[in-house]
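# Structural characterization, general
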Amino acid sequence: MIAVSILNRLIMAAITLFGVAVIVFVLLRVVPGDPIAMMISPGASPADIAALRAHYGLDASLATQFWLWLKSVLIGDFGTSISLKRGVLSLLGERLPATLELAFAALVLAVLLGGSVAIIGTLARRTIFEPVIDSLNGLFLAVPDFVWALALVLVLGVLFPLFPLSGRIDPSIDAQFATPFYLIESLVTFRFGIFADICAHMVMPVLALGLPLAAIIARVLKAALSEAMVQDYILLAKLKGMSELRLVLQEALRNAVGPTIALTGVQFTFLIGGTVIVERIFAYPGIGNMAIDAVINRDLPLIQGLVLAFGALFILVNLAVDLLVAAFNPRLVHG
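Viewed as axis vectors pointing N to C, helix α9 (residues 232-239) and helix α10 (residues 244-281) meet at an angle of 155°, and their least axial separation amounts to 11 Å. With respect to their mutual orientation, α9 and α10 come out roughly antiparallel. Handedness of the α9/α10 crossing: right-handed. In this structure, α9 contributes Y233, I234, A237 and K238 to the contact, and α10 contributes E244, L247, E251, A252 and N255.

As structure tokens, then:
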């Protein structure tokens, strides 16, 4: 049953990704602006312009362009970036791991922080601390990630310069990496100095991305825990002498975590989208920062590749969340 469900979702994912590709391809070609005009020098002849347009396949009809592009994508050729003069797939392979490390670090922070606040808030219900915790959580929930980023730059980057303001690693460090996953590779190869430097560069972007998500997790999980704490099986366990902390951690949390996982997965896709602005603010070399440059330069092959990468990430995250929720509650699995 689970295999059938996964297969159905993969088929739907492929259809969705194809639809996204069609929409983005058409939109990029109907909006005003000529990417070739941004590449040529002022003295270029019409013949030079025509040759360049033919080189990137922009002289064919829209349907022909899409068909040629789709055939290339299916064999792993995403084209060549107009602005960077490099293969799109190679650029994605370099930048995507940086964004993934950043996003997963923010997710871990959000789950740990949000889960802790929810549990503390549940234990403190009906006390003077509950409205304080709820108010602080509401404040964190109201502030978007880019505002957190700007505030962190001001406080931790300028007033109290504790962490690097930009980049992924200190340029003075002469480090060689076999993979683009710098954080993981430096840890498993026991290069703890480099690992600490990479972590220091990630502190502010991770906080900016993770704090709003932590507030959402805290609110949803606390509401689910509070609802579970008045159920009969909880009251029965309480009558048997189980402590409040054990009631929350061993009984209520097990039933409350399912809906929270589903919501966290949905919010994680928004978090990945939020990397576009946050990476730009911290000059973090991920696909979010590259996406802004691609749009500014109207780099059509690169934009199309980035959209497909973001779309594939969203679909994979949603699929992983569905599987996790099904693992907690198999009755939710549908064929």
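Time to look at helix α11 (residues 287-296). Among all positions in α11, only I287, G288, N289, M290, A291 and A294 are buried. Of the residues flanking the end of α11, it is R298, one or two places downstream, whose phi is positive at about 50°.

The interhelical angle for the contact between helix α6 (residues 145-159) and α10, taken along N-to-C directions, is 15°, at an axis separation of 9 Å. Between α6 and α10, the angle is such that the two are roughly parallel. In the crossing of α6 with α10, the sense of the turn from one axis to the other is right-handed. Together, D145, F146, A149, L150 and V153 of α6 and G274, I277, V278 and I281 of α10 make up the contact between the two elements. Grouping the amino acids of the contact of α6 with α10 by side-chain chemistry returns 7 nonpolar, 1 polar and 1 charged.

You can see D299 is positioned in the loop between α11 and α12 (300-328). Look at D299: it is buried, it has no salt bridge, and the nearest opposite charge is K85 at 7.7 Å. There is a polar contact of 2.9 Å between the side chain of D299 and the backbone nitrogen of I82. Contacts of D299, omitting those with residues within four sequence positions, involve S81, I82, S83, L84 and A294.

Definitions and cut-offs
Residues numbered from 1 in each chain as written. Predicted model: local features only at pLDDT ≥ 70, side-chain atom pairs only at ≥ 80, totals over all residues. Heavy atoms only, no water. Axes fitted to C-alpha atoms, helices over the stretch in contact; angles between N-to-C directions. Helix = DSSP H or I, 4+ residues; strand = E, 2+ residues; numbered from the N terminus. Parallel < 35°, antiparallel > 145°, perpendicular 65-115°, else oblique. Left-handed = near helix turned anticlockwise from the far one by under 90°. Contact = heavy atoms within 4.5 Å. Buried < 20%, exposed > 50% of the residue type's maximum accessible area, 1.4 Å probe, protein only. Nonpolar A, V, L, I, M, F, W, Y, C, P; charged D, E, K, R; others polar. Lys, Arg positive; Asp, Glu negative; His and termini not counted. Salt bridge = Lys/Arg side-chain N within 4 Å of Asp/Glu carboxyl O. Polar contact = N/O pair within 3.5 Å; in protein donor to acceptor, adjacent residues only side chain to side chain.

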